[in-house]
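One-letter residues, chain by chain:
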Amino acid sequence: MPSDTLPPLLELRNVTFAYAERPVLNGLSLHIPRGKVTALIGPMGGGKTTTLRVMGGQLRAGSGQTLFDGQDITPMDQTQIFAVRRRMGMLFQFGALFADLSVFENVAFPLREHTDLSEPLIRDIVLMKLNAVGLRNARDLMPSEVSGGMARRIAMARAIALDPELVMYDEPFSGLDPISLHTAARLIRELNDAMKLTSIFVSHELTQTLEIADEVIILDQGKVAFQGSANEARASTDPLVFQYIHERPDGPVRFHYPAIDLKEDFAVT
């Protein structure tokens, strides 16, 4: 059955979330289609990383529903959340590899933590995952011995170690040189298609993002400003979407943080 006719793998319904007294998500509703690569983009402070963490159950929504494969994970206890997370993979910003473990041991970690597989089988799986990201022969290196781009690819191998249904990437292109950036983008696309995954990634790098994403969601002030294809995003005449996609300095997103009038501020004694 075509993925477009299936219910979404993940859906947020009227979700709110706040850090202490500071609201971040304000009645956020969106859906993540199965089998697709979805990009979460938008102005800084719009709630992208928070949305990713709510989706993964790392943060609990203040209200609303977070549905994964039709189940609301919001009221789940820790044991139930961990069971759901086994069906998800997560790549954190800058890879977040364990500094005192080798490349091999980093990728093997989730297999040892969440399965009872034999060591020979774990070895085969780790080498297959490393081979998928082009780093099978880097297995014995330490994280301090690899480049930033390699670290990101190792983290990708770890994220897919358990053959998840959903993989979430938080800023996978941040800090990468152009070659490593293109490689990381191509890997997200190829891994998604080869493994029949559903992928979500947060990014501020528009060129590669719009090239690999099937679906684009633009968040602003904790709400969806746009959801549609990359071509639809490029063609949008919505002022905020147009400003962001075409990287214009002037528009709804202001340079100055909201403040009282400059003259009034300087008059304060």
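Residues numbered from 1 in each chain as written. Predicted model: local features only at pLDDT ≥ 70, side-chain atom pairs only at ≥ 80, totals over all residues. Heavy atoms only, no water.

Let's shift gears to the overall build of the chain. Counting its secondary structure elements, the chain contains 10 helices and 10 strands. For the chain, the C-alpha radius of gyration of 20 Å lies close to 18 Å, the compact-globule estimate for 269 residues. Dimensions of the chain, computed from C-alpha atoms along their principal axes, come out at roughly 70 × 45 × 40 Å. Within the chain, the proportion of its 269 residues that are buried is 47%. Counted over contacts in the chain with a minimum sequence separation of 6, partners at least 24 positions apart contribute 64%. When the accessible area of the chain is evaluated, it comes to approximately 14000 Å², of which 53% is carbon and sulfur surface. Computed over 26 positive and 33 negative side-chain charges, the inter-centroid distance for the chain is 3 Å. (Helix = DSSP H or I, 4+ residues; strand = E, 2+ residues; numbered from the N terminus. Rg over C-alpha atoms; globule rule 2.2 N^0.38 Å. Buried < 20%, exposed > 50% of the residue type's maximum accessible area, 1.4 Å probe, protein only. Contact = heavy atoms within 4.5 Å. Areas by Shrake-Rupley, 256 points an atom, 1.4 Å probe, with all protein chains shown as cover. Lys, Arg positive; Asp, Glu negative; His and termini not counted. Charge placed at Lys NZ, Arg CZ, Asp CG, Glu CD.)

A few words on the packing of helix α3 (residues 103-114) against helix α5 (residues 148-159). For the pair α3 and α5, interaxial distance at closest approach is 8 Å and the crossing angle is 30 degrees. The orientation of α3 relative to α5 falls into the category roughly parallel. Like other packed secondary-structure pairs, α3 and α5 cross with a definite hand, here right-handed. Between α3 and α5, the residues in contact are Val 103, Asn 106, Val 107 and Pro 110 and Ile 154, Ala 157 and Arg 158, respectively. (Axes fitted to C-alpha atoms, helices over the stretch in contact; angles between N-to-C directions. Parallel < 35°, antiparallel > 145°, perpendicular 65-115°, else oblique. Left-handed = near helix turned anticlockwise from the far one by under 90°.)

What follows deals with the nonpolar core. With 52 residues, the main nonpolar core has Ile 41, Val 126, Met 156, Phe 173, Val 216, Ile 218 and Ile 245 as its most contacted residues. Aside from chain neighbours lying at most four places away, what touches Ile 245 is Ile 41, Leu 206, Leu 210, Ile 218, Ala 233 and Arg 234. Formed by 29 residues, the second largest nonpolar core is a distinct cluster that contains Leu 52, Met 55, Ile 73 and Val 202. (Core = buried A, V, L, I, M, F, W, Y, C linked by side-chain atoms within 4.5 Å.)

So, about the pattern of salt bridges. One pass over the full model with this rule turns up 11 salt bridges. The partner of Glu 11 in a salt bridge is Arg 13, with the nearest N and O atoms 3.3 Å apart. Ionic pairing is found between Glu 105 and Arg 112, a salt bridge with its closest N-O pair at 2.3 Å. Glu 105 gets classed as partly exposed once you look at its relative accessible area, which sits at 28%. Among the residues examined, Arg 112 registers a relative accessible area of 33% and is labelled partly exposed. Look at the salt bridges and you will find they share partners, linking Arg 34, Asp 69, Arg 87 and Glu 165 into a network. (Salt bridge = Lys/Arg side-chain N within 4 Å of Asp/Glu carboxyl O.)

Turning to the sheet that holds strand β5 (residues 71-72), a few remarks are in order. The 4 strands lie next to each other as β2-β1-β4-β5, forming an open sheet whose pairing is antiparallel. Each end of this open sheet is capped by a strand with a single partner; those strands are β2 (22-32) and β5. Relative to strand β4 (residues 63-68), strand β1 (residues 10-19) is paired through 5 bridges, and the arrangement is antiparallel. Note on β4: the bridge partner recorded for Glu 11 is Leu 67. Sheet strands touched by helix α1 (residues 48-55): β1, β2 and β4. Its angle to β2, the strand with the most contacts, is close to 65 degrees. (Pairing = 2+ DSSP bridges.)

The next thing to look at is unusual backbone geometry. Located in the positive-phi region is Asp 69, a residue other than glycine, with phi close to 55 degrees. The exposure class of Asp 69 is partly exposed, given its relative accessible area of 33%. Unusually for a residue other than glycine, Gln 221 sits at a positive phi of about 55 degrees. The class of Gln 221 is exposed, set by a relative accessible area of 59%.

A few words now on the pairing of strand β3 (residues 37-41). If a strand is regular, its side chains alternate between the two faces of the sheet. In terms of burial, β3 is largely enclosed, as 5 of its 5 residues are buried. By the alternation rule, side chains of β3 split into Val 37, Ala 39 and Ile 41 and Thr 38 and Leu 40, which are all buried. Sheet analysis places β3 next to strand β8 (residues 198-202), joined by 4 bridges and oriented parallel. Counted as the bridge partner of Thr 38 is Ile 200 from β8. Relative to strand β9 (residues 215-220), β3 runs parallel, the two sharing 4 bridges. Of the residues in β9, the one forming a bridge with Leu 40 is Ile 217.

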